[in-house]
Amino acid sequence: MIRILTAALLSTSGLAMAASGELHATATKLTETHRDAVVWISVVAKITMSAEGDVPDQIKAQLAGQEQETTAETTGTFISSDGMLVTALAQLDQSTMVDGKTVNTPMGAIKLNAKSEIREIKVIMPDGTEIPGDLVLKDADLGLGFIKMRMDSDEAQGVEISSIDLADSAEGKLLDDCVALGRLDESFQREPSVVTTEISGITTRPRMLYRVGTDSIGSPVFLGNGKLLGISVFRKPAGDLDAKTKLAPVILPAAEVAKLAEQAKAAKPVETAPAEDSEEG
């Protein structure tokens, strides 16, 4: 159930194209300017699963067996010099993609209730420094989460922040060239990454979303002219969840992100639960 979603999150990939000429120059400049705006975020969370209605004991046991504290990592993007980041909520809080969904089981269809308790958040800076942060705002409909780094912490002293400007943006058109920034995982020393690609699809209902190939979620995608297009997120899958569920990244326009970012500035940290101590046996 939750493992189905996890597999779907990990199975996504984007198509890239070789850049030359003006697009290559733009991609090089954007990488040099904004490479340190994209960072990794480590999240310790516990997901609690239940089901609505009269559910067989075996299903209840399976759901209870998935209730455990886990550590996951995702990428996020600094959007201000005071330590505010935006990231894809699906990676930060996987329960938002499962809650209210129906799963078909050998014993019949069940409707899931899912809740995630964030225990700890750490922002992993480009030099490897880990700085504590707080989830201050989330929007399951848009698929966004906002994290405020604790700038008053000992770990944050002397840290310099590189951020993108959400206001320096523009709308895109079908087949427009794009530059998607990201950051590789720990196996590649968390080095910056860049993909040159294009807008392969646009939807306008219920809101504007762009389909752009990218290998990084919660990261910025720019147009070929250097203007910010938006932030990569996951849409909540439509219909029932099953082993064939696939999630594709979409780009939420920068203007939509900016609206929530204004709310995040004044938001207080979402209450978190204390991390569980591991038992040695």
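Residues numbered from 1 in each chain as written. Predicted model: local features only at pLDDT ≥ 70, side-chain atom pairs only at ≥ 80, totals over all residues. Heavy atoms only, no water.

Colleague: Quick question: what am I supposed to make of the overall build of the protein chain here?
Modeller: Scanning the protein chain from N- to C-terminus turns up six helices and 13 strands. Per-residue burial for the protein chain yields a buried fraction of 47% across its 281 residues. Relative to all contacts within the protein chain whose residues are 6 or more apart in sequence, the contacts with residues 24 or more apart total 69%. For the protein chain, the accessible area works out to roughly 14,000 Å², and carbon and sulfur atoms hold 47% of it. (Helix = DSSP H or I, 4+ residues; strand = E, 2+ residues; numbered from the N terminus. Buried < 20%, exposed > 50% of the residue type's maximum accessible area, 1.4 Å probe, protein only. Contact = heavy atoms within 4.5 Å. Areas by Shrake-Rupley, 256 points an atom, 1.4 Å probe, with all protein chains shown as cover.)

Colleague: I would appreciate a short explanation of helix 6 (residues 254–266) in the present structure.
Modeller: Counting along an α-helix, one turn takes 3.6 residues, and residues three or four places apart therefore face a common direction. Across its 13 residues, helix 6 extends 19 Å between first and last C-alpha, which sits within 8% of the 18 Å expected from 1.5 Å per residue. Within the span of helix 6, buried status applies to A254, V257, L260, A261 and A264. Buried positions along helix 6 lie against strand 3 (84–88), strand 6 (130–139), strand 7 (144–149), strand 12 (228–234) and strand 13 (249–253). (Expected span 1.5 Å × (residues − 1).)

Colleague: How do you make sense of empty space enclosed by the protein when you look at a structure like this?
Modeller: Unfilled space is identified by rolling a water-sized probe across the atoms. Throughout the structure, instances matching the rule amount to one cavity of 30 Å³ or more. Reported here for the largest cavity is a volume of approximately 30 Å³. Lining the largest cavity, in full, are T31, H34, R35, V38, L181, G182, P192 and S193. Listed by contribution, the elements that provide at least two residues to the lining of the largest cavity are helix 2 (21–34), strand 8 (177–183) and strand 9 (192–203). Looking at the lining of the largest cavity, its residues break down into three nonpolar, four polar and one charged. (1 Å grid on protein atoms, 1.4 Å probe; cavity = no way out; pocket = protein on both sides within 12 Å on 5 of 7 lines; lining within 4 Å. Points joined across faces, edges and corners; volume = space filled by probe spheres on them. Nonpolar A, V, L, I, M, F, W, Y, C, P; charged D, E, K, R; others polar.)

Colleague: I tried to follow the nonpolar core on my own but got confused; where do I start?
Modeller: One broad rule of soluble globular proteins: the nonpolar side chains tend to lie buried together. In terms of nonpolar packing, the biggest core is built from 35 residues, with I79, L144, F146, I164 and V257 touching the most fellow members. Counting residues per element, the ones that place at least two in this core are helix 2, strand 3, strand 6, strand 7, strand 8, strand 12, strand 13 and helix 6. Looking at which element gives the most residues to this core, the answer is helix 6, with five residues. Those residues in contact with V257, other than ones at most four positions away along the chain, are V86, L144, F146, L166, I231 and L252. V43, F78, V123 and M125 belong to the second-largest nonpolar core, a separate cluster that totals 18 residues. (Core = buried A, V, L, I, M, F, W, Y, C linked by side-chain atoms within 4.5 Å.)

Colleague: Just checking my understanding: could you explain the pattern of salt bridges for this structure?
Modeller: Pairing between side chains of opposite charge can happen when the charged atoms of each approach one another. Tallied over the entire structure, the rule returns eleven salt bridges. Ionic pairing is found between R207 and D141, a salt bridge with its closest N-O pair at 2.7 Å. Highlighted residues: R207 in the loop between strand 9 and strand 10 (209–212) and D141 in the loop between strand 6 and strand 7, separated in sequence by 66 residues. The exposed category is assigned to D141, whose relative accessible area is 56%. (Salt bridge = Lys/Arg side-chain N within 4 Å of Asp/Glu carboxyl O.)

Colleague: I tried to follow the pairing of strand 12 on my own but got confused; where do I start?
Modeller: A regular strand places its side chains so that they alternate between the two faces of the sheet. Among the seven residues of strand 12, seven are classified as buried, and the element is accordingly described as predominantly covered. The pairing of strand 11 (residues 220–223) with strand 12 spans three bridges and is antiparallel. Within strand 12, the position partnered with P220 by the bridge is I231. The antiparallel hairpin formed by strand 11 and strand 12 contains four residues in its connecting segment, where G226 sits at a positive phi of about 95 degrees. (Pairing = 2+ DSSP bridges.)

Colleague: I'm lost on unusual backbone geometry in this one. Help?
Modeller: What you tend to see is this: most non-glycine residues have negative phi, and most peptide bonds are trans. Geometrically, the link from R205 to P206 is a cis peptide bond, its omega value of 0 degrees lying close to zero. Note that P206 resides in the loop between strand 9 and strand 10. In this structure, Q189 is a non-glycine residue whose phi angle is positive, near 60 degrees. Structurally, Q189 can be placed in the loop between strand 8 and strand 9.

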